[in-house]
Amino acid sequence: MDFFDQCNPHLSSLSESERHIFEYVVKNIQAVNTMNIRALAKECYVSTTTVLRFVKKLGFQGYREFGESLRFTCSHLQKNELPEVFWKRVYSEEYLKNIIESVRVVSQEQIIQFIEYLSKEPTIFFYGRGLSREAAHYAYRLFSSLGYRCFYPVESYEKQISLLQMRDGDIIFSFSLSGQEQETIELIEQARLRCNPHIVSITQADNNVIQNLSDLNFYVFTDKVWHNGLDLTSRISMIAIVEMLFYSLLTPDGVTPYTEM
């Protein structure tokens with residue numbers, strides 16, 4: 001039983017503390033698959049009762065089945081996911097694991113839901129701040145290339161003007177690592193007062209405001225990096241999810257069914 005396939009349908013039911021356990025498990029899956037319940041509880045600073053409740057929320061009968069699923073998944077990852085050369089250095093290992101984990105927790109149901117939103121020919125509004133804005137810009141370029149109507153407002157006044165152009169069924173695509181940017185939260189709330197857009201977001205795995213406001217949320221794993229007061233955390237996992245969604249729109253011969261030739 002693949003751990004990620006088993007967990008995906010149940011992730012929305014996790015509490016904030018349970019999400020922290022899940023994030024720890026995913027980021028340390030090789031180590032956790034050999035831990036007993038007491039060791040995992042100690043590492044996560046929770047009780048064994050909390051861990052047992054966590055694994056049952058994920059649909060496992062008990063901790064033994066949870067551990068078996070982890071061992072199966074670890075074996076699969078070792079055989080198929082990464083060439084051995086990629087595991088030579090610590091940073092490379094963590095960097096690649098974050099990408100893999102972020103992509104693996106995306107369910108097929110989420111992809112289908114996203115494609116369904118796009119099938120209604122919406123306008124897509126891409127919002128982001130800081131480095132997340134650059135990921136939003138990349139997404140804007142990709143989806144524009146398929147013929148979708150896209151806007152990428154950067155300045156605050158441009159974002160306010162974009163609200164006047166928004167209609168029912170349009171998509172607000174928010175890129176926010178923290179999920180707590182007040183400007184974006186206010187934009188989403190203002191948009192919902194005007195019409196009924198679909199809110200799609202990419203945020204970190206922790207429970208956050210933008211995630212809770214979203215109709216469809218993709219969350220990423222990443223190691224936070226700050227330097228000279230600046231957030232330099234990698235957005236590569238955001239980009240990986242964008243590309244996963246983008247390529248899901250393409251037919252095997254590379255032509256999207258929504259583009260006129």
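The structure we're discussing is the one just above.
Residues numbered from 1 in each chain as written. Predicted model: local features only at pLDDT ≥ 70, side-chain atom pairs only at ≥ 80, totals over all residues. Heavy atoms only, no water.

## Description of the overall build of the protein chain
Secondary structure summary: the protein chain contains 13 helices and 7 strands in total. Taking all 261 residues of the protein chain together, the buried fraction comes to 48%. (Helix = DSSP H or I, 4+ residues; strand = E, 2+ residues; numbered from the N terminus. Buried < 20%, exposed > 50% of the residue type's maximum accessible area, 1.4 Å probe, protein only.)

## Regarding the sheet that holds strand 2 (residues 149–151)
Consider a sheet: its strands pair through backbone hydrogen bonds, and that pairing is either parallel or antiparallel. Strands sit in the order 2-1-3-4-5 across an open sheet of 5 strands; the sheet is parallel. Strands at the two margins of the open sheet, each flanked by one partner only, are strand 2 and strand 5 (216–220). Each strand axis lies, on average, 15 degrees off the axis of its neighbour in the sheet, ignoring direction. Each of strand 1 (123–128), strand 2 and strand 3 (171–175) touches helix 9 (residues 131–145); the most contacted strand, strand 1, lies at about 160 degrees to it. (Pairing = 2+ DSSP bridges. Axes fitted to C-alpha atoms, helices over the stretch in contact; angles between N-to-C directions. Contact = heavy atoms within 4.5 Å.)

## Thoughts on unusual backbone geometry
Of note, the phi angle at Y45 is positive, near 60 degrees, even though the residue is not glycine. One can find Y45 in the loop between helix 4 (37–44) and helix 5 (48–57). In this structure Y45 comes out as exposed when scored by relative accessible area, which is 77%. If you check the backbone angles, E121 has positive phi at about 55 degrees while not being a glycine.

## Thoughts on the nonpolar core
Residues I124, F126, F143, F173, F175 and I202 are the most contacted members of the largest nonpolar core, which totals 31 residues. Of all the secondary-structure elements, those providing two or more residues to this core are helix 8 (108–118), strand 1, helix 9, strand 3, strand 4 (198–204), strand 5 and helix 13 (236–248). In this view, F173 contacts F114, I124, F125, F126, Y127, V200, I202 and L245; residues no more than four positions away in its chain are not counted. Counting 29 residues, the second-largest nonpolar core is a separate cluster that includes L14, I37, L58 and V105. (Core = buried A, V, L, I, M, F, W, Y, C linked by side-chain atoms within 4.5 Å.)

## Observations concerning the side chain of Q6
Checked against the element boundaries, Q6 lands in helix 1 (residues 3–7). Separated by 2.9 Å, the side chain of Q6 and the backbone oxygen of L58 make a polar contact. (Polar contact = N/O pair within 3.5 Å; in protein donor to acceptor, adjacent residues only side chain to side chain.)

## Brief notes about the packing of aromatic side chains
By the definition in use, this model includes 19 aromatic pairs. Ring plane angle 85 degrees and centroid distance 6.2 Å describe the contact between F143 and F246, whose orientation is recorded as edge-to-face. Taken together, the residues F143 in helix 9 and F246 in helix 13 connect sequence positions 103 residues apart. Among the residues examined, F143 registers a relative accessible area of 1% and is labelled buried. (Phe/Tyr/Trp six-rings, centres within 6.5 Å; stacked < 30°, edge-to-face > 60°.)

## Let's talk about the pattern of salt bridges
Tallied over the entire structure, the rule returns 9 salt bridges. Two residues, E116 and K120, come together in a salt bridge whose shortest N-O distance is 3.5 Å. The network of salt bridges with common partners includes E18, R53 and K57. (Salt bridge = Lys/Arg side-chain N within 4 Å of Asp/Glu carboxyl O.)

## So, helix 8
Note that an α-helix has 3.6 residues per turn; residues three or four places apart therefore point the same way. If you check which residues of helix 8 are buried, you get Q110, I111, F114, Y117 and L118. In a view along the axis of helix 8, the buried residues occupy a sector of 120 degrees, so they form one face of it. Those residues of helix 8 that are exposed and aimed more than 90 degrees away from the buried face are Q108 and E109. Those residues of helix 8 that are buried lie in contact with strand 1, helix 9, strand 3, strand 4, strand 5 and helix 13. (Arc of directions from axis to C-beta.)

## What to know about helix 13
End to end, helix 13 covers 18 Å across 13 residues, agreeing with the expected 18 Å (1.5 Å per residue, within 8%). For helix 13, the set of buried residues is S237, M238, A240, I241, V242, L245 and F246. (Expected span 1.5 Å × (residues − 1).)

## Considerations on the environment of S12
Position of S12 relative to the elements: it lies in the loop between helix 1 and helix 2 (16–27). Remark: the alpha-carbon pair of S12 and N217, spanning 205 residues in sequence, is separated by 9.9 Å.

## Quick notes on the packing of helix 2 against helix 5
Helix packing for two helices is described by the angle between their axes and how far apart those axes are. Look at helix 2 against helix 5: their axes get within 10 Å of each other, and the N-to-C directions meet at 80 degrees. Classified by the angle their axes make, helix 2 and helix 5 are roughly perpendicular. Within the contact between the two elements, helix 2 uses E18, I21, F22 and V25 and helix 5 uses T50, R53, F54 and K57. Taken together, the residues of the contact of helix 2 with helix 5 sort by class into 4 nonpolar, 1 polar and 3 charged. (Parallel < 35°, antiparallel > 145°, perpendicular 65-115°, else oblique. Nonpolar A, V, L, I, M, F, W, Y, C, P; charged D, E, K, R; others polar.)

## Overview of a nonpolar patch on the surface
Together, L131, V225, L230 and L232 make up a nonpolar patch on the protein surface, roughly 320 Å² of accessible area in all. Mapped onto the fold, L230 is located in strand 7 (residues 230–231). (Patch = residues over 30% accessible without salt bridge, like charges linked within 9 Å, V, L, I, M, F, W, Y side chains within 5 Å. Areas by Shrake-Rupley, 256 points an atom, 1.4 Å probe, with all protein chains shown as cover.)

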